[in-house]
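Below, each chain spelled out in residue letters.
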Amino acid sequence: MSHDITRDRNIEEDENYEGADLELRDIPLPKTSNILYSILNSLNHNIANFYAYTKFKDYISEKTLDMELLQRSMSIHRDFSALFLHTEEELVLVYPDLLEKAEKLLFRGETNTDFINYTRKMCKLINDYKKMLHREGYLPDL
């Protein structure tokens, strides 16, 4: 009850807040000057987690493993989609084959695909994509 009273007082003190959710107003935005590094950070983190779960699959229940791997796979897909859309326009004339391969994998995925193999293919493509970004000067300190 005291939590509700405190929240009500905070709302009364800040009557000008017009956000959709009053509980989310104090969450800070990520402090980065380059969105590319933010996307790559998230992507690298999710890939490392994915491979950690596959490495220790014998010690985790099958249900938990499937749920965690699916979640990591979806996060990798989301992050790589963001990276691809963020950089595709400037690289389309330089690396058309790699971009076409990435587009096919991202946006025309096959149904009933083993998502572990799909994610491994995607991680290989991401590695190639990062090398290409480094060659083009997007990642000078890779």
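Before reading further, recall that the structure is shown in the block above.
Anyway, here's the lowdown on the structure attached to this text. Computed from a predicted structure; not experimentally measured. (Residues numbered from 1 in each chain as written. Predicted model: local features only at pLDDT ≥ 70, side-chain atom pairs only at ≥ 80, totals over all residues. Heavy atoms only, no water.)

### Some points on the packing of helix H3 (residues 62-91) against helix H5 (residues 115-135)
The angle between the axes and the distance between the axes are what describe a pair of packed helices.
Okay, so step 1: As a packed pair, H3 and H5 sit with axes 10 Å apart at the nearest point and diverge in direction by 30 degrees. The angle between H3 and H5 places the two elements in the roughly parallel class. Handedness of the H3/H5 crossing: left-handed. Here Asp66, Leu69, Leu70, Ser73, Ile76, His77, Phe80, Leu83, Phe84, Thr87, Glu88 and Leu91 of H3 come into contact with H5, specifically with Phe115, Ile116, Tyr118, Thr119, Met122, Cys123, Leu125, Ile126, Tyr129, Met132 and Leu133.
Okay, so step 2: A class-by-class count of the residues in the contact of H3 with H5 yields 17 nonpolar, four polar and two charged. (Axes fitted to C-alpha atoms, helices over the stretch in contact; angles between N-to-C directions. Helix = DSSP H or I, 4+ residues; strand = E, 2+ residues; numbered from the N terminus. Parallel < 35°, antiparallel > 145°, perpendicular 65-115°, else oblique. Left-handed = near helix turned anticlockwise from the far one by under 90°. Contact = heavy atoms within 4.5 Å. Nonpolar A, V, L, I, M, F, W, Y, C, P; charged D, E, K, R; others polar.)

### Some details on helix H2 (residues 35-55)
Okay, so step 1: For H2, built from 21 residues, the straight-helix expectation of 30 Å at 1.5 Å per residue is met to within 8% by its first-to-last C-alpha distance of 30 Å.
Okay, so step 2: Among the residues making up H2, those that are buried are Leu36, Ile39, Leu40, Leu43, Asn46, Ile47, Phe50 and Thr54. Seen along its axis, H2 keeps its buried residues to an arc of 130 degrees; they face one direction. In this structure, H2 carries Asn41 and Lys55 as exposed residues pointing more than 90 degrees from its buried face.
Okay, so step 3: Looking at the packing, one finds that the buried side of H2 touches H3 and H5. (Expected span 1.5 Å × (residues − 1). Buried < 20%, exposed > 50% of the residue type's maximum accessible area, 1.4 Å probe, protein only. Arc of directions from axis to C-beta.)

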